[in-house]
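Residues per chain, in single letters:
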Amino acid sequence: MAMTFDDMISFVRSQGDADAYDAPESLLQVHARVAYNDILSRRSGWDHLEVHYDLTLVAGQQEYTVASDLSGSDMGRIYSITSNTPLRLRLTPITRSDADIMFGLEDHQSATPVVYTLYNGKIVLYPTPSDVKVLKVHGFREAAAWPNGAGSIPDLPSEFHEAIAWYMLSGFFMSQEDTQMAGVYMNEYQMMVERALDGVSNITQSPRPRVLGGQTSYSRPFTERVRGMLEG
């Protein structure tokens, strides 16, 4: 069941036999934020943060700013870009240096983009789009800042909420210089997080086989170009 920041504060004060003076909200807020960020850092991608947005291309425009050109502005990490026209195509991610070698430092080509690179908050397409079309950008949004108010709820699955409360309790006892009790609750926090992570991993389904290039479509000229560079 979801816990609000208020619920967690009440739990810590009740379990620690403390009042607002002994366990001030300002102190507990720091402990809550540390636990929240620690849990978020333990996975590279969370299912509940997954999003996809449209990117409308402009003929002759090669670079697009993630924060402003996507239909959603909270994209934190991109893992795939796809197109449905003129055929179903998953664009291939590529490094900027490889793109410069394959397409030239000055990209004067105009065609259907087949690869992309990311740098400095921008999506760069190769070749430069020759006409208007819409791409679908898949990725993960940034997790919401938390705690950000009395009734705020962590931007995490509810399985992790109680673990945050135990971390806060550990932090409270550490502030009381009771290292023994702080260690007990910290160990419990770690075990709760690991159990919850195992549960999340067990229900997460991989959307496709993890085979490099296994479902990527290329136009024939591009394939020949890459093969020629690799064999040269």
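Novice: Can you lay out the side chain of His 31 for me, pointing to particular residues and giving the numbers?
Specialist: Looking at where His 31 falls in the secondary structure, it is placed in helix α2 (residues 25-40). Residues within four places of His 31 in sequence aside, it is in contact with Tyr 167, Met 168, Gly 171 and Phe 172.

Novice: Give me the lowdown on the pairing of strand β1 (residues 50-56), citing residues and values where you can.
Specialist: Going residue by residue along β1, you find Val 51, Tyr 53 and Leu 55 tucked away on one face and Glu 50, His 52, Asp 54 and Thr 56 left uncovered on the opposite face. Pairing of β1 with strand β10 (residues 134-141) involves seven bridges; the strand directions are antiparallel. Pairing of Thr 56 across the sheet is with Val 134, part of β10.

Novice: How would you summarise the sheet that holds strand β2 (residues 63-65) if you had to cite specific residues and measurements?
Specialist: Taking strand neighbours across the sheet as the criterion, the four strands line up as β2-β8-β7-β5 in an open arrangement whose pairing is mixed. Single-partner strands in this sheet number two, and they are β2 and β5 (92-93). Of the strand pairs in this sheet, β2 and strand β8 (residues 122-126) are connected by three bridges, and their pairing is antiparallel. Across the sheet, residue Tyr 64 finds its bridge partner in β8, namely Ile 123. Packed onto the sheet, helix α4 (residues 96-103) meets β2, β7 (115-119) and β8 and runs at close to 25 degrees relative to β8.

Novice: Mind laying out the sheet that holds strand β4 (residues 89-90), listing which residues take part and the relevant values?
Specialist: Hydrogen bonds between backbone groups are what pair the strands of a sheet, and the pairing can be parallel or antiparallel. With antiparallel pairing, the four strands of this open sheet are ordered in space as β1-β10-β3-β4. With one partner strand each, in any of the chains shown, β1 and β4 form the two edges of the open sheet.

Novice: An account of the nonpolar core is needed here, citing residue identities and associated values.
Specialist: In this structure, Ile 39, Trp 46, Leu 156, Phe 160, Ile 164 and Met 168 are the most contacted members of the largest nonpolar core, which totals 35 residues. Residue contacts for Phe 160: discarding those within four places in its chain leaves Ile 39, Trp 46, Val 193, Ala 196, Leu 197 and Val 200. Formed by 25 residues, the second largest nonpolar core is a distinct cluster that contains Leu 57, Ile 81, Met 102 and Leu 125.

Novice: Let's hear about the packing of aromatic side chains: which residues, and what values?
Specialist: Under the defined criterion, the tally for this structure stands at 10 aromatic pairs. Their ring planes at 85 degrees and their centres at 5.9 Å tell us that Phe 5 and Trp 146 sit as a pair that is edge-to-face. Taken together, the residues Phe 5 in helix α1 (residues 5-15) and Trp 146 in the loop between β10 and α5 (161-175) connect sequence positions 141 residues apart. Each member of the pair, Phe 5 as well as Trp 146, is classed as buried. Each residue in the set Phe 11, Trp 166, Phe 172, Phe 173 and Tyr 185 is aromatic and connected to the rest through ring pairs, giving one cluster.

Novice: Tell me about unusual backbone geometry, residues and numbers included.
Specialist: Backbone torsion omega between Tyr 126 and Pro 127 reads -15 degrees, so that peptide bond is classified as cis. Pro 147 follows Trp 146 through a cis peptide bond whose omega is -5 degrees. Here Pro 147 shows up in the loop between β10 and α5. Even without a glycine there, the phi angle at Asn 120 is positive, about 50 degrees. Taking the relative accessible area as the measure of exposure, Asn 120 reaches 70% and is therefore exposed.

Novice: Would you mind going over the pairing of β7 in detail, with residue names and values included?
Specialist: Of the pairings in the sheet, the one linking β5 to β7 comprises two bridges and is parallel in character. Opposite Thr 92, over in β7, you have Val 115 as the bridge partner. Pairing analysis gives five bridges linking β7 to β8, with the strands arranged antiparallel. In the strand pairing of β8, Val 115 is matched with Tyr 126.

Novice: Give me the lowdown on the pattern of salt bridges, citing residues and values where you can.
Specialist: Evaluation of the coordinates by the stated rule reveals seven salt bridges. Between Glu 63 and Lys 122 there is a salt bridge whose closest N-O contact spans 3.5 Å. One end of the pair, Glu 63, is in strand β2; the other, Lys 122, is in strand β8, with 59 residues separating them in the sequence. Asp 155 is the salt-bridge partner of Arg 141, the closest N and O atoms lying 2.7 Å from each other. Placement of Arg 141 in strand β10 and of Asp 155 in the loop between β10 and α5 is noted, with a sequence separation of 14 residues between them. Through salt bridges with shared partners, one network takes in Asp 38, Arg 42 and Glu 194.

Conventions and cut-offs
- Each residue is numbered by its place in its chain's sequence as written, counting from 1.
- Two thresholds apply to this predicted model, a pLDDT of at least 70 for residue-level local features and 80 or more for giving and counting side-chain atom pairs, whereas whole-chain, interface and lining totals are computed over all residues.
- The side-chain values count all of the structure's non-hydrogen atoms but skip hydrogen atoms and water molecules.
- Per the convention used, a helix needs a DSSP run of H or I reaching at least four residues, while a strand needs a run of E reaching at least two, with both numbered from the N terminus.
- We call two residues in contact whenever any of their non-hydrogen atoms come within 4.5 Å of each other.
- In this scheme, a residue with accessible area under 20% of its type's maximum is buried, one over 50% is exposed, and one in between is partly exposed, where area comes from a 1.4 Å probe on protein chains only.
- Strand pairing is assigned whenever DSSP detects at least two bridges linking the two strands.
- Here an angle of 0 to 180 degrees is reported between the N-to-C directions of two axes, which are lines fitted to C-alpha atoms, with helices fitted over the stretch in contact.
- As used here, the term nonpolar core means buried Ala, Val, Leu, Ile, Met, Phe, Trp, Tyr and Cys residues forming a set that is joined through side-chain atoms within 4.5 Å.
- Here is the rule: rings of Phe, Tyr and Trp (six-membered ring for Trp) pair when centre to centre is within 6.5 Å. Planes less than 30 degrees apart are stacked, more than 60 are edge-to-face, and the remainder are tilted.
- The rule for a salt bridge is simple: a side-chain nitrogen of Lys or Arg has to be within 4 Å of a carboxyl oxygen of Asp or Glu.

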